[in-house]
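Structural features, examined
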Amino acid sequence: MEKNKTGKYFKYAIGEILLVVIGILIALQINNKNDERKAEESVNKFYEATILDLDEASNATRTQINWFKMYQDLNFSLYEQSRKQIPDDSTLNTNLLIWTHSFRPLITDNYESKFDQINNDKIQELFRDILWREQLVVEAIEEWNLMKIGTLRPFFFKKNINNVDESFSAERYKFIMYEVELLNKDKLIAHYNTSEFDQILYELRHKTSWAIECFKGLEASNQNLKLALEYYLEGDYINLNKIKSLKYYMKEE
């Protein structure tokens, strides 16, 4: 009888232990699912915020493209005037020749240190593409600015084209954009068809078009990444994986 009681107690104890173990496993499974859900929610919020930043960056890029098209329109107008293909236009804003340009790589600034939050290989690839294209834009604008600072401004200084009296006629503390003509147009026209000015126009034309090309590539990359994030949030992984980056990247070992 004692042996039977012991056997029953032993079986009961084993049953109790099994119930406890099963309960723990169920709890762990529920906890893991909760953790996975929270992690997925966190990733989704991260991607939703990224889409908003991409929209902001896209608007900025389109604005930049318009600026550089305006610079290029001026370059071509000066060339065509110098070749007598069009009449001299006194309304041209030659102040643009003096200006340099700035660009903030928004996606690089905001996301370069956040790659650990990107949980999808395709999205990582598209992120790398947009970071690379922002760097191309930075380099193109730096080259464009250096040409303005190192070649164009010294040319205006050396040839006495800077309009000193006009620049000092403007409000003392105001940045001059259109209010006065910073360059003496008659003196500028006097240098049309000179080899020095022709070489300047050549540099301006090609550096400006390269900047525009880099901005267009950046915008295309932006739209690719935005579309991929939207597909991910919709759970459409088939279409997500069909998106190809503009540049191929080898996966890191």
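In terms of nonpolar packing, the biggest core is built from 61 residues, with L78, L97, I123, F127 and F156 touching the most fellow members. Those elements that place two or more of their residues in this core are α1 (2–82), α2 (106–111), α3 (121–158) and α6 (195–234). In terms of residue count, α3 provides more of this core than any other element does, 15 residues in total. Among residues more than four places away in sequence, those in contact with F127 are T50, I107, Y111, F115, I118 and L225.

With that out of the way, let us pick up the packing of aromatic side chains. Applying the stated criterion across every chain, the model contains 17 aromatic pairs. Ring geometry for F68 versus Y71: centroids 5.2 Å apart, planes at 85°, classification edge-to-face. With F68 and Y71 both in helix α1, this residue pair falls 3 residues apart, about one helical turn. You'll find F68 and Y71 in the same group, each marked buried. Their ring planes at 20° and their centres at 5.7 Å tell us that Y192 and F197 sit as a pair that is stacked. Taken as a pair, Y192 and F197 share a single burial class, namely buried. Grouped by ring-pair contacts, the aromatic residues W67, F68, Y71, W99, F103, W144, F175 and F215 constitute a single cluster. The ring of Y71 is capped by K148, whose NZ or CZ atom sits 5.4 Å from the centre of that ring.

In this section: the confidence of the model for the protein chain. Atom-level detail of predicted coordinates should not be read off regions where pLDDT is low. Of the residues in the protein chain, 86% reach a pLDDT of 70 or more, and the chain-wide mean stands at 88. Note on residues 248–253: pLDDT is under 50 here. Beyond four places in sequence and across chains, it has 6 contacts.

In this model, α6 (40 residues) spans 59 Å end to end at C-alpha, consistent with the 58 Å of a helix rising 1.5 Å per residue. After α6 finishes, the residue G235 shows a positive phi value of roughly 75°.

This brings us to α3. Given a rise of 1.5 Å per residue, 38 residues ought to cover 56 Å, and the 55 Å separating the end C-alpha atoms of α3 matches this to within 8%. At K148, α3 shows its largest bend, some 30°. Two or three places before K122, at the opening of α3, N120 has a side-chain oxygen 2.9 Å from that residue's backbone nitrogen. N160 sits one or two residues past α3 and shows a positive phi near 60°.

As a further point, take the packing of α3 against α6. When two helices pack together, you describe them by how their axes are tilted relative to each other and by the distance separating the axes. Interhelical geometry of α3 versus α6 gives an angle of 160° and a closest axis separation of 9 Å. On the basis of the axis angle, α3 is roughly antiparallel to α6. The handedness of the crossing between α3 and α6 is left-handed. Its residues placed into classes, the contact of α3 with α6 shows 24 nonpolar, 6 polar and 9 charged.

This next bit is on a nonpolar patch on the surface. Taken together, the side chains of I14, L18, I22 and I26 present a nonpolar region at the surface, about 340 Å² in accessible area. Position of L18 relative to the elements: it lies in helix α1.

Take unusual backbone geometry next. In this model, K84 sits at a positive phi of 60°, which is unusual for a non-glycine residue. According to the relative accessible area criterion, K84 is exposed, its value standing at 67%. For N193, which is not glycine, the phi dihedral falls at a positive 70°. Counting through the fold element by element, N193 comes out in the loop between α5 (185–189) and α6.

Turning our attention to the environment of Y47. You can see Y47 is positioned in helix α1. It is 6.3 Å that separates the C-alpha atoms of Y47 and L229, two residues lying 182 residues apart in sequence. Ignoring any residue separated from it by four or fewer positions in sequence, one finds Y47 in contact with Q117, I118, N119, N120, I123, L229, Y232 and L233. At a separation of 2.8 Å, a polar atom in the side chain of Y47 contacts the side chain of N119.

A side chain with one charge may pair with a side chain of the opposite charge, provided their charged atoms come close. All chains considered together, the criterion is met by 12 salt bridges. Between K122 and E125 there is a salt bridge whose closest N-O contact spans 3.8 Å. Here E125 and K122 lie together in helix α3, a separation of 3 residues that amounts to about one turn. The buried category is assigned to K122, whose relative accessible area is 13%. Judged by its relative accessible area of 17%, E125 falls in the buried class. Residues D129 and R133 are paired through a salt bridge, measuring 3.5 Å at the closest nitrogen-oxygen approach. One end of the pair, D129, and the other, R133, are both in helix α3, 4 residues apart, so they sit about a helical turn from each other. For the pair shown, D129 and R133 are each scored as buried. Overlapping salt bridges, with partners in common, bring together E143, E203 and K207 in one network.

Thresholds, definitions, all that
Residues numbered from 1 in each chain as written. Predicted model: local features only at pLDDT ≥ 70, side-chain atom pairs only at ≥ 80, totals over all residues. Heavy atoms only, no water. Core = buried A, V, L, I, M, F, W, Y, C linked by side-chain atoms within 4.5 Å. Buried < 20%, exposed > 50% of the residue type's maximum accessible area, 1.4 Å probe, protein only. Helix = DSSP H or I, 4+ residues; strand = E, 2+ residues; numbered from the N terminus. Contact = heavy atoms within 4.5 Å. Phe/Tyr/Trp six-rings, centres within 6.5 Å; stacked < 30°, edge-to-face > 60°. Lys NZ or Arg CZ within 6 Å of the ring centre and 35° of its normal. pLDDT = per-residue confidence, 0-100. Expected span 1.5 Å × (residues − 1). Bend = angle between axes of the 7 residues up to and from the residue. Polar contact = N/O pair within 3.5 Å; in protein donor to acceptor, adjacent residues only side chain to side chain. Axes fitted to C-alpha atoms, helices over the stretch in contact; angles between N-to-C directions. Parallel < 35°, antiparallel > 145°, perpendicular 65-115°, else oblique. Left-handed = near helix turned anticlockwise from the far one by under 90°. Nonpolar A, V, L, I, M, F, W, Y, C, P; charged D, E, K, R; others polar. Patch = residues over 30% accessible without salt bridge, like charges linked within 9 Å, V, L, I, M, F, W, Y side chains within 5 Å. Areas by Shrake-Rupley, 256 points an atom, 1.4 Å probe, with all protein chains shown as cover. Salt bridge = Lys/Arg side-chain N within 4 Å of Asp/Glu carboxyl O.

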